[in-house]
Amino acid sequence: MARFSDANLAIANEIISRYPRPKSALIPLLHLAQEQDGWVTDDAMRHIAELTGTTPAEVKGTGSFYEMFKFHPVGKYMVNVCTNLSCQLLGGEELLEHAEATLGVKAGGTTADGMFTIEDVECIAACTEAPCLQVNYRYKLRVSNDDFDQLIDDLRHGRTGIPEHGTLATVRQSIPAEAGAGIVPPEEAREAPVWLARNEVEATDGGGDA
Amino acid sequence: MPTHAYVPHAPGYVDNDGPKIVTARFPYEDSFTMGRAEATGAYDGLRAALERTPAEVHNEVREATVLGRGGAGFPAGVKWGFMPPGKYPYYLVVNGDESEPGTYKDRLLMERDPHQLIEGCLIACYALGLAQCFLYVRGEMALAQERIATALNDAYAKGYVGKNILGTEFSVDITLTWGAGAYIVGEETALIESLEGNRGMPRLKPPYFPAAIGLYGQPTIVNNVETLANLPWLMNNGAAQYKTYGSEASPGTRLVAVSGHVQRPGVYEIEQGVTTFRDLFYGDNFCQGIREGHELKMFVPGGGSAPWFFPEQVDLPLEARDVGAAGSMLGSGAIIVMDETTDAVKAALRLVRFYARESCGKCTPCREGTTWEERVLQRILDGEGRPSDIDMLLDIADNISPGPYPNAADPAQGLEAVPFPPKQTTICPLGPSSVAPITSTVRRFRHEYEAKITKRDSIPVSAAPVAGETMESQA
């Protein structure tokens, strides 16, 4: 139920600085909130609204459009089984049934111990390696029932190195102040970029030849 | 079991000994690192571009006819020319929100060679005088985000991105940004909405396309990842060399993902307009045939949104014009192959369900229609279908996409091809896309629908299956 920690607040401000308008940072900030707490809390959305000059309703309005944001606690591991056509043709639905039977919850549900949430998801772009799934958005390809059981065992015993739900990339972009070209609102960038003047020089030169 | 001849560190990618314009670095296990990228000529294309004027670079892209690889296939050089002069700032938004069913090539390009993509972005920014580039990666692609973040940090440190790039006056920032799970955000105006921090709902166009009024109301170029990944090679080798690959109308190569019932599914770099579907499905360098003991029933030639093809269409080349005239599209380069064991109704339902789930809800015909389509198909599959259901499906479809819907020819029934694209009563093509699986299968396999519907008559009412039960479970 938390606002951003001091460390995450610094990250949030850095993210905001990479956009010409703060509101553009809204989705990355919702991800940061989910990374911090495992799901998106009301307090986090209030904090995001303050940081981006929006209202909590706008933050939730945007966030609720997107499948990946969870507004209630979910499992430590999201197990997303693809059942779209390419996977369906090669056993995606059967894999999902096996997952549901093994973990004892239906798609959309979370196990009582809070370890796993299963989802029946749309195409995750690994179609030639069907059937496939993602655990916290890390791929597992050509998954057999045995592979699945092994995966669950590995996850239970912390043998996978997959971070807890909410963490996407483990590396963040960072633009050093002296290296950046300068990100400003559109109102402050009305001049033609200087290097386009090369075209004019060329046109002048070319004009002499014509 | 399919044979595996994959590049082990790039699961899905198959090296087919063809020309490599965008996958040249894929055979290296460390292809995504700055060290490997620099050792194999990364940023040489940028250097070549910086030696020319921006207008010359734009002309080279126009001359090469680099077709957009996201789905619509519009020439990038022409699109670039649509920005109104002098209305600065201009922006570049890179569409890496790859979500079309069956499609994945941009994910591999982002994971395996982020420097090639960054270099392509820089070339576009230089040519057009763009103020900032936003690299929008699909939310679910954690590894791609990680690889691009690392590559950007390294590229900033080396002076390839940012202020006074390679000691020139050219300066531009690239911002990595990412989504959170919404197929519709792959539509360019929805992508811009998402990047502005809004719900990803498409904007009405025409009159104003993003090149005129885009991000923050400014002229904006939205290009697909693969489109931009072509630019470094093009700058190094020139348009004339680029056009020695592929066909006259569709020069160069493109990545296609072939999935489903083939011996060796994979992502292949092929020559556009030259390679045929037959080459792809049966060729030794490609998929090596339909899975053993089975035969081709039908295939989706260009992503979930494309009308389906059948065995009569396998000799078509992967040429946008020809495939369009034959009633479908190459779209995103996703080909899903289905053999004779596939239940046409079940397969159609699965794609329709995708569109019903992913409809953003802005346009009524799509929001309501896709849900109706899904429910009617589900009840047919469940053995609960009514005799009027086929006509009802076609009627709903006609409300989303009026008139004859694009379809392949069916010589056996004396039906001619209806060329692409479909008409639409919606702002974007998502709704009309949901119609493709329905008309494709009803036209060709109406008997499969009828068999499921009439079967109900033979089932005593008391034994009518409950929702959720499938035809197989009754058999």
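None of these values were measured; they are calculated from a predicted model. (Residues numbered from 1 in each chain as written. Chains lettered and ligands numbered in written order. Predicted model: local features only at pLDDT ≥ 70, side-chain atom pairs only at ≥ 80, totals over all residues. Heavy atoms only, no water.)

1. A closer look at the overall build of chain A
Moving on, step 1. Per the secondary structure count, chain A includes eight helices and four strands.
Moving on, step 2. Listing every helix and strand of chain A by position from the N terminus yields α-α-α-α-β-α-α-β-β-β-α-α.
Moving on, step 3. A globule of 210 residues ought to have a C-alpha radius of gyration of about 17 Å, yet chain A, at 23 Å, is considerably larger.
Moving on, step 4. Each principal axis of the C-alpha distribution contributes one length, and for chain A these read about 75 × 45 × 30 Å.
Moving on, step 5. Counting over 210 residues, chain A shows a buried share of 53%.
Moving on, step 6. For chain A, restricting intrachain contacts to residue pairs at least 6 apart in sequence, the fraction spanning at least 24 positions comes to 65%.
Moving on, step 7. Accessible surface computed for chain A: about 8,900 Å², of which carbon and sulfur atoms make up 51%.
Moving on, step 8. Averaging the locations of the 17 positively and 32 negatively charged side chains of chain A gives two centres separated by 4 Å. (Helix = DSSP H or I, 4+ residues; strand = E, 2+ residues; numbered from the N terminus. Rg over C-alpha atoms; globule rule 2.2 N^0.38 Å. Buried < 20%, exposed > 50% of the residue type's maximum accessible area, 1.4 Å probe, protein only. Contact = heavy atoms within 4.5 Å. Areas by Shrake-Rupley, 256 points an atom, 1.4 Å probe, with all protein chains shown as cover. Lys, Arg positive; Asp, Glu negative; His and termini not counted. Charge placed at Lys NZ, Arg CZ, Asp CG, Glu CD.)

2. Thoughts on the interface of chain A and chain B
One widely used convention gives an interface's size as the accessible area the parts lose upon coming together.
Moving on, step 1. Of the residues lining the interface, 70 residues belong to chain A; the matching set on chain B comes to 97 residues.
Moving on, step 2. Between chain A and chain B lies a buried interface of about 6,400 Å² when both sides are counted; carbon and sulfur atoms form 56% of it.
Moving on, step 3. Considering only the surface of chain A that becomes buried against chain B, Phe65(A), Trp195(A) and Arg198(A) emerge as the three largest contributors, covering 12% of it.
Moving on, step 4. At the junction of chain A and chain B, the tally comes to five salt bridges. (Buried area = accessible area lost by both parts, 1.4 Å probe. Salt bridge = Lys/Arg side-chain N within 4 Å of Asp/Glu carboxyl O.)

3. As for the nonpolar core
Moving on, step 1. If you look at the biggest cluster of nonpolar residues, it comprises 136 residues, and the most contacted ones within it are Leu122(B) and Phe170(B).
Moving on, step 2. Excluding its chain neighbours within four sequence positions, the residues that come into contact with Phe170(B) are Trp195(A), Leu46(B), Leu50(B), Leu122(B), Cys125(B), Tyr126(B), Gly162(B), Lys163(B), Asn164(B) and Ile165(B).
Moving on, step 3. Counting residues in each nonpolar core, the second largest holds 52 residues, with Phe299(B), Val300(B), Met329(B) and Leu349(B) among its members. (Core = buried A, V, L, I, M, F, W, Y, C linked by side-chain atoms within 4.5 Å.)

4. As for the packing of helix 3 (residues 42-52) of chain A against helix 4 (residues 56-63) of chain A
Residue and element names in this part refer to chain A.
Moving on, step 1. As a packed pair, helix 3 and helix 4 sit with axes 8 Å apart at the nearest point and diverge in direction by 110°. It follows that helix 3 is roughly perpendicular to helix 4 by the angle criterion. Read as a crossing pair, helix 3 and helix 4 show a hand that is right-handed. Packed against helix 3, whose contacting residues are Met45, Arg46, Ile48 and Ala49, the element helix 4 presents Pro56, Val59 and Lys60 at the interface. (Axes fitted to C-alpha atoms, helices over the stretch in contact; angles between N-to-C directions. Parallel < 35°, antiparallel > 145°, perpendicular 65-115°, else oblique. Left-handed = near helix turned anticlockwise from the far one by under 90°.)

5. Section: the sheet that holds strand 4 (residues 220-224) of chain B
All names here are of chain B.
Moving on, step 1. The four strands are arranged 3-2-1-4 in an open sheet whose pairing can be described as parallel. One side of each edge strand has no neighbouring strand; the edge strands of this open sheet are strand 3 (173-178) and strand 4. Each neighbouring strand pair of the sheet contributes to a mean axis angle of 20°, computed without reference to strand direction.
Moving on, step 2. As paired strands, strand 2 (residues 132-137) and strand 3 are joined by six bridges and run parallel to one another. Paired with cysteine 133 across the bridge in strand 3 is isoleucine 174.
Moving on, step 3. Of the strands in this sheet, strand 1 (91-96), strand 2, strand 3 and strand 4 touch helix 6 (residues 114-128), which is tilted by about 150° from strand 1. (Pairing = 2+ DSSP bridges.)

6. Here's the deal with the domain arrangement of chain B
Residues and elements named next belong to chain B.
Moving on, step 1. Along its sequence, chain B is organised into domain 1 (34-242), domain 2 (253-339) and domain 3 (344-452).
Moving on, step 2. Taking the mean C-alpha position of each, domain 1 and domain 3 sit 34 Å from one another.
Moving on, step 3. The interface of domain 1 with domain 3 comprises 12 residues on the first partner and nine residues on the second.
Moving on, step 4. Summing both sides of the interface, domain 1 and domain 3 together bury roughly 920 Å²; the carbon and sulfur share of this comes to 75%.
Moving on, step 5. The largest contributions to the domain 1 side of the interface with domain 3 come from Tyr183, Met201 and Pro202, which together make up 49% of the buried area.
Moving on, step 6. Applying the counting criterion to the domain 1 and domain 3 interface returns zero salt bridges.
Moving on, step 7. A breakdown of the residues in the side of domain 1 that touches domain 3 according to their chemical character gives seven nonpolar, two polar and three charged. (Domains from an automatic or database assignment. Nonpolar A, V, L, I, M, F, W, Y, C, P; charged D, E, K, R; others polar.)

7. Topic: empty space enclosed by the protein
Moving on, step 1. Within the structure shown, the criterion is met by four cavities of 30 Å³ or more.
Moving on, step 2. Quantified by volume, the largest cavity comes out at close to 180 Å³.
Moving on, step 3. Lining the largest cavity are 16 residues; nearest its centre among them are Glu35(A), Ala169(A), Val171(A), Arg172(A) and Trp178(B).
Moving on, step 4. With four residues, helix 2 (residues 26-37) of chain A is the single largest residue contributor to the lining of the largest cavity.
Moving on, step 5. Taken together, the residues of the lining of the largest cavity break down into nine nonpolar, four polar and three charged.
Moving on, step 6. The calculated volume of the second largest cavity comes to roughly 90 Å³. (1 Å grid on protein atoms, 1.4 Å probe; cavity = no way out; pocket = protein on both sides within 12 Å on 5 of 7 lines; lining within 4 Å. Points joined across faces, edges and corners; volume = space filled by probe spheres on them.)

8. As for the state of the cysteines
Moving on, step 1. Per the counting criterion, the structure on display carries zero disulfides over all chains.
Moving on, step 2. The thiol of Cys87(A) is not disulfide-bonded; the next cysteine sulfur, from Cys132(A), is found 3.6 Å away.
Moving on, step 3. Unpaired in this structure, Cys287(B) has its nearest cysteine sulfur neighbour in Cys127(A), at a distance of 13 Å.
Moving on, step 4. You can call Cys287(B) buried: its relative accessible area is 0%. (Disulfide = S-S within 2.5 Å.)

9. Structural notes on the sheet that holds strand 2 (residues 116-121) of chain A
Residues and elements named next belong to chain A.
Moving on, step 1. The four strands are arranged 2-1-3-4 in an open sheet whose pairing can be described as mixed. In this open sheet, the two strands that pair with only one neighbour each are strand 2 and strand 4 (138-140). Put simply, the sheet's adjacent strands are angled 25° from each other on average, direction ignored.
Moving on, step 2. The sheet contacts of helix 7 (residues 145-156) involve strand 1 (77-82), strand 2, strand 3 (133-135) and strand 4, and relative to strand 3 the element is tilted by about 5°.

10. Some remarks on the packing of aromatic side chains
Moving on, step 1. Here the structure, examined in full by the defined rule, presents 23 aromatic pairs over all chains.
Moving on, step 2. Consider the rings of Tyr43(B) and Tyr160(B), whose centres lie 3.8 Å apart with planes at 10°: the pair is stacked. Here the residue Tyr43(B) occupies a position in the loop between helix 1 (34-39) and helix 2 (44-50), and Tyr160(B) occupies one in the loop between helix 7 (142-157) and strand 3, the gap between them amounting to 117 residues.
Moving on, step 3. On the basis of relative accessible area, Tyr43(B) is assigned to the buried category, the value being 0%.
Moving on, step 4. Among the residues examined, Tyr160(B) registers a relative accessible area of 4% and is labelled buried.
Moving on, step 5. Following the ring pairs from residue to residue traces out a cluster consisting of Tyr19(A), Tyr91(B), Phe134(B) and Tyr216(B).
Moving on, step 6. For the cation-ring pair, Arg107(B) lies above Tyr139(A), with the distance from its terminal atom to the ring centre recorded as 4.1 Å.
Moving on, step 7. The positively charged end of Arg147(B) is found above the aromatic ring belonging to Phe32(B), 3.5 Å away from the centroid. (Phe/Tyr/Trp six-rings, centres within 6.5 Å; stacked < 30°, edge-to-face > 60°. Lys NZ or Arg CZ within 6 Å of the ring centre and 35° of its normal.)

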